[in-house]
Amino acid sequence: MKRLIPLFVSTVLAATPLTARADQNGVAVIIGNGTYKNGIPGVDFADRDAEAMHRFVADILGYQERNIIDLRDAGKAEFEAIFGNERSYKGQVWQYIRPDGSSDVTVFYSGHGAPGLTDGRGYLLPVDANADKAEINGYPIDLLYKNLGSLDARSVTVFLDSCFSGESAGGPLLNAASPVFVRPALPGAGDGMTVLTAATGEQLASWDLTARHGLFTNHLLDALYGAADSNADGKVTAREAKLYLDDKMTYAARRSYGREQVASLYGDGDTILSQASYGGTFAERPALTPSLAKVDPTEDSQDIQPVETAVTPLPPPQPIIIIRAPDRDAVPEKRVKQAWKQRPPRSTKAWPPKDKKKKWTPPGQRKSAKRRDDKKKQGWIPPGLRRD
């Protein structure tokens, strides 16, 4: 059966945030890694997860578009360019935050994670990595926390829709070892940092096939759009979001897949993740509309399912004005003759010449001065009486 990979149309409304407080200095990093290389199964809904979180940080948190670093299918070099490496934490995030420490930083990642087979560390998996060699080409979780903690930021919030067990909803990631025997040691968050992850180290992060999101991302977004505000104070804290995930996401994973999936919270549980609008109510969570479908050509084409397409209204038709050149053959003959008569002379010199001293004689009546003098001397003889 063919696998349909939907793409989406999004309109980001960042000019007028729906929250009660726009965070003009906030910086966000959103990564959706869906298409992997080296035989690693894809993450079907990573693009949708990243797009929905982009809408949240722009519409609800009020981050400026120029402060949102949005990547799809990021490689190892892009991870290091954004977050820094083991030698320096001054990547692109450090460049974007305010030097006075007034910037909030939000990081969201949807994609694969993998355990290190030799060191037992957890790694985010770039799309060009090899899962069996995560120690070489993966991005360590503890390095991510260390570099983010080194920033002079007011707060740092991290959401990870990923697991680090070596398994995935699309299939196993590891070829060299069974994930049952891999138990990655995931670090805790540093000071001033709040981290919510989709599962514990040995659990599998599931998908929500109905919502077409990661199970963690779908319920996290519901929580951030007000569903987790249990005390109705117009604020959603990290602790309230964790309790909502334990109630909704954990049960959905057990009911749909028969597996355990419990979100992990590190850091200050009182951190405010979202707030209600000026009217005291939370904004409604927007829906993403699929516009195109990308079909895997290696599979059978008989079971292709129709995909809903977002129709954009066309602008009203504009009048078409056609200007035709005049047809020369259709010009009346009188107009042609009249135009010919009105042609200017080739020379601007007056003709015939006006000479006051000499009387002008037409060319046919002119005679040379010698013949005229001879006639005066001899007299005029008619042509028939002339002699040679």
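Because the structure is a prediction, the values reported are computed rather than measured.

Section: the sheet that holds strand S6 (residues 122–124)
No. 1: Ordered in space as S5-S6-S7, the 3 strands form an open sheet in which the pairing is antiparallel. Of all the strands in the sheet, just strand S5 (113–115) and strand S7 (139–140) have a single pairing partner and so form its edges.

Structural notes on the nonpolar core
No. 1: In this structure, Phe-83, Leu-124 and Leu-148 are the most contacted members of the largest nonpolar core, which totals 41 residues.
No. 2: Contacts of Leu-148, omitting those with residues within four sequence positions, involve Phe-83, Val-107, Val-156, Val-158 and Met-193.
No. 3: Judged by nonpolar contacts, the second largest core, of 39 residues, contains Phe-56, Ile-60, Ile-68 and Tyr-225.

Some thoughts on the packing of helix H6 (residues 215–227) against helix H7 (residues 238–257)
No. 1: As a packed pair, H6 and H7 sit with axes 9 Å apart at the nearest point and diverge in direction by 140 degrees. Judged by the angle between their axes, H6 and H7 are oblique. The two elements H6 and H7 cross, and the hand of that crossing is right-handed. Residue-level inspection shows Leu-215, Phe-216, His-219, Leu-220, Asp-222, Ala-223 and Ala-227 of H6 in contact with H7, the latter providing Ala-241, Tyr-244, Leu-245, Lys-248, Met-249, Ala-252 and Ala-253.
No. 2: Of the residues assigned to the contact of H6 with H7, the class counts are 11 nonpolar, 1 polar and 2 charged.

Comments concerning the packing of helix H1 (residues 46–59) against H6
No. 1: Look at H1 against H6: their axes get within 11 Å of each other, and the N-to-C directions meet at 10 degrees. As the angle between them shows, H1 and H6 are arranged roughly parallel. Touching Asp-49, Ala-52, Met-53, Arg-55 and Phe-56 of H1 are Thr-217, Leu-220, Leu-221, Leu-224 and Tyr-225, all from H6.
No. 2: In terms of residue class, the contact of H1 with H6 is built from 7 nonpolar, 1 polar and 2 charged.

Brief notes about unusual backbone geometry
No. 1: Of note, the phi angle at Asn-38 is positive, near 60 degrees, even though the residue is not glycine.
No. 2: Following the sequence through the fold, Asn-38 ends up in the loop between strand S2 (27–32) and H1.
No. 3: Backbone geometry places Arg-212, a non-glycine residue, at a positive phi of 60 degrees.
No. 4: With respect to the element layout, Arg-212 can be found in the loop between strand S10 (207–208) and strand S11 (213–214).
No. 5: On the basis of relative accessible area, Arg-212 is assigned to the partly exposed category, the value being 29%.

The rules behind these values
Residues numbered from 1 in each chain as written. Predicted model: local features only at pLDDT ≥ 70, side-chain atom pairs only at ≥ 80, totals over all residues. Heavy atoms only, no water. Pairing = 2+ DSSP bridges. Helix = DSSP H or I, 4+ residues; strand = E, 2+ residues; numbered from the N terminus. Core = buried A, V, L, I, M, F, W, Y, C linked by side-chain atoms within 4.5 Å. Buried < 20%, exposed > 50% of the residue type's maximum accessible area, 1.4 Å probe, protein only. Contact = heavy atoms within 4.5 Å. Axes fitted to C-alpha atoms, helices over the stretch in contact; angles between N-to-C directions. Parallel < 35°, antiparallel > 145°, perpendicular 65-115°, else oblique. Left-handed = near helix turned anticlockwise from the far one by under 90°. Nonpolar A, V, L, I, M, F, W, Y, C, P; charged D, E, K, R; others polar.

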